[in-house]
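Breakdown of the fold
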Amino acid sequence: MEKTKQHLWWQEGIIYQIYPRSFQDSNQDGVGDLPGITQRLDYLQWLGVDAIWISPIYDSPMADFGYDISNYTGIHPLFGNMEEFDTLLQEAHARHIRVLLDLVPNHTSDQHPWFLESRSSRDNPKRDWYIWKDPLPDGSPPNNWLAMFGGTAWEWDEHTQQYYYHGFLKEQPDLNWRNPEVQKAMLDVMRFWFDKGIDGFRIDVIFHMIKDAQFRNNPVNPNYAPHQATYDQLLPVYSTDQPEVHDIVRMMRQVADEYEGKVLIGEIYLPINKLMAYYGTNHSGVHLPFNFQLLTLPWDAQLLSTTIDQYEGALPLDGWPNWVLSNHDQPRITSRVGIAQARVAAMLLLTLRGTPTVYYGDEIGMRDVPIPFEEVQDPQGLNMPDKNLSRDPARTPMQWDSSQNAGFTTGKPWLRLAPNFHRENVLAQKDDAYSMLSLYRRLIQLRRQEPALSVGSYIPVYSDNQMISYIRQAEGHDSFLVLLNLTHRPCYFKAKNLEIKGTIELATVPELEGTTVDTTINLGGDEAIIVRLSS
Ligand code: NOJ
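Residues numbered from 1 in each chain as written. Predicted model: local features only at pLDDT ≥ 70, side-chain atom pairs only at ≥ 80, totals over all residues. Heavy atoms only, no water.

1. A short note on the site of the ligand
Around the ligand sit 13 residues in total, of which D64, H107, D204, H328 and D329 are the nearest. Here an oxygen atom of the ligand and a side-chain polar atom of D329 are 2.4 Å apart. For the ligand, whose accessible area on its own is 300 Å², the fraction buried by protein is 97%. Its residues assigned to classes, the shell around the ligand comprises four nonpolar, two polar and seven charged. (Near = heavy atom within 4 Å. Polar contact = N/O pair within 3.5 Å; in protein donor to acceptor, adjacent residues only side chain to side chain. Areas by Shrake-Rupley, 256 points an atom, 1.4 Å probe, with all protein chains shown as cover. Nonpolar A, V, L, I, M, F, W, Y, C, P; charged D, E, K, R; others polar.)

The structure is reproduced here in structure tokens:
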């Protein structure tokens, strides 16, 4: 049985992702901001989260809504100023809420002074800070690499007669991380924010940071389907996840280790075996390589239970797991699996072993909001209009109450709100024992109270084509059996060779709570329960 040894805050804790444009507007310009987040800290404390990760708030031309940074140590006036950031940090810490920022080291904005210098002439000292290449003899780009947001990844620069590489928009040139000056500059950015007292970083596309030294062509993806982004036509074998990236990750970890209690979370979309390498050997990688299994896989009990076990089994010694259901780049969980299963998903996220990250609004069951084509803002949606890839629907303003624009702004919101915000909002759900918000809050509270659920071991018990079940256990504390029906039809749980006795502590259907259960348990469609086992 798992001994309850000391765990670090980011192992025990729950992270909450804030997309700052959409959380709370304080100056009525229709865009969320830092003072807005500060105003809502009491809510986050009430909800019970331990840390917030705020998507980029830095100076930026906003070609990719802040993921195109023109000054890594400046706050964009839309979001506020440095004083307001300091206040947010102080107020969050006063409530024991840690603050994580988004670090975007793979690329800058094309308006960043580094890039302006780099593109000014071939012999500029910063020329090598970015990835410049000659055209092929026929004038075409140096290789076949594609950009995530459509088209070739190479942009021709008329002035200096070379191409530069951009893995995302042409307004987001990739830095050359093989250059030691680039390394130093970005590691200093990390120190700047750590010195201010932030508690960690979520690191954007960390697996993109180093490219093949020979810039070989990527192979064709034999499984490409036309509905997919054009980027998926090739397998990014040479443009991402290069072995040398781990040297860079190690450097970043060393900077974090110059301080106490900091956490680095890497954004990595890779299969489990490759993901594990980002933990590094002997704790030299990121603390948490984001685990997107629950976010990318079809909602299928057998597939998910196998994957959970595979992930658990693949973790390096002392590698700490983590789980994510939604983020600002993907459809929300409610839109993927429906509102009834979103309750089951909440229980899964908050009872698995490992740090959960909750995406703002998921706790009230926010759904992807249909955005009329002429209102689309996201470059991914605009560049591939026929593929339904816009990320706007999952980025709409937080629904606080039933007042104008759900209490988000009295100005014109930058993205339209869900039409049902009058009914689905924080205020309406707060006092409703059956709401999604009450479910989230109670799950969070239970997880905080019970060491078995926050740091205990994970023991898979039984799964089939409908259900997943596991036990969470910590020495000297109560154990819990978690049963989740991932379908709409009833099912039975039969613990073979295992004697089960206990009481339902928490259920997606609260009427079940308090019922005693034993070895055969009958679950309705969309039901999930947490059973406190009798000792
Ligand atoms: C991943 C971020 O999550 C996404 O929003 C962004 O567009 C790309 N990286 C480029 O920075």
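2. With respect to the sheet that holds strand β9 (residues 200–203)
Whether parallel or antiparallel, the strands of a sheet pair through hydrogen bonds between backbone atoms. Strands sit in the order β11-β10-β9-β5-β2-β1-β13-β12 across an open sheet of eight strands; the sheet is parallel. The open sheet has two free edges, formed respectively by β11 (288–289) and β12 (322–324), since each of these has just one partner strand. Judged from the four bridges that link them, strand β5 (residues 98–103) and β9 form a sheet pairing that is parallel. Counterpart to L100 in the pairing with β9 is G200. In this fold helix α4 (residues 82–94) packs onto β2 (51–54) and β5, with an angle of close to 140° to the strand it touches most, β5. (Pairing = 2+ DSSP bridges. Helix = DSSP H or I, 4+ residues; strand = E, 2+ residues; numbered from the N terminus. Contact = heavy atoms within 4.5 Å. Axes fitted to C-alpha atoms, helices over the stretch in contact; angles between N-to-C directions.)

3. Some details on the packing of aromatic side chains
Two descriptors summarise a pair of aromatic rings, namely the distance from one centre to the other and the angle between the planes of the rings. Tallied over the full model, the rule gives 32 aromatic pairs. Both rings, one in Y16 and one in F23, keep their centres 6.0 Å apart while their planes meet at 70°; by these two values the pair is edge-to-face. The class of Y16 is buried, set by a relative accessible area of 0%. Residue class for F23 comes out buried when judged on its relative accessible area of 0%. (Phe/Tyr/Trp six-rings, centres within 6.5 Å; stacked < 30°, edge-to-face > 60°. Buried < 20%, exposed > 50% of the residue type's maximum accessible area, 1.4 Å probe, protein only.)

4. Considerations on the pairing of β2
With burial as the criterion, each face of β2 is covered, one bearing A51 and W53 and the other bearing I52 and I54. As defined by bridge partners, strand β1 (residues 15–18) adjoins β2 across four bridges and the pair is classed as parallel. Its bridge partner being in β2, I18 is matched across the sheet by I54. As judged from the four bridges shared by β2 and β5, these two strands associate in the parallel manner. Looking across to β5, one finds that W53 is bridged to L100.

5. Describing the pattern of salt bridges
One pass over the structure, following the stated rule, counts 31 salt bridges. For E171, the salt bridge identified is with K170, shortest N-O distance 3.0 Å. Close ionic contact of E258 with R191 constitutes a salt bridge, the shortest N to O distance being 2.9 Å. In this pair, E258 is assigned in the loop between α7 (245–257) and β10 (263–266) and R191 in helix α6 (residues 180–196), connecting sequence segments 67 residues apart. A single network of salt bridges, built from pairs that share partners, joins D64, D329, D378, R391 and R395. (Salt bridge = Lys/Arg side-chain N within 4 Å of Asp/Glu carboxyl O.)

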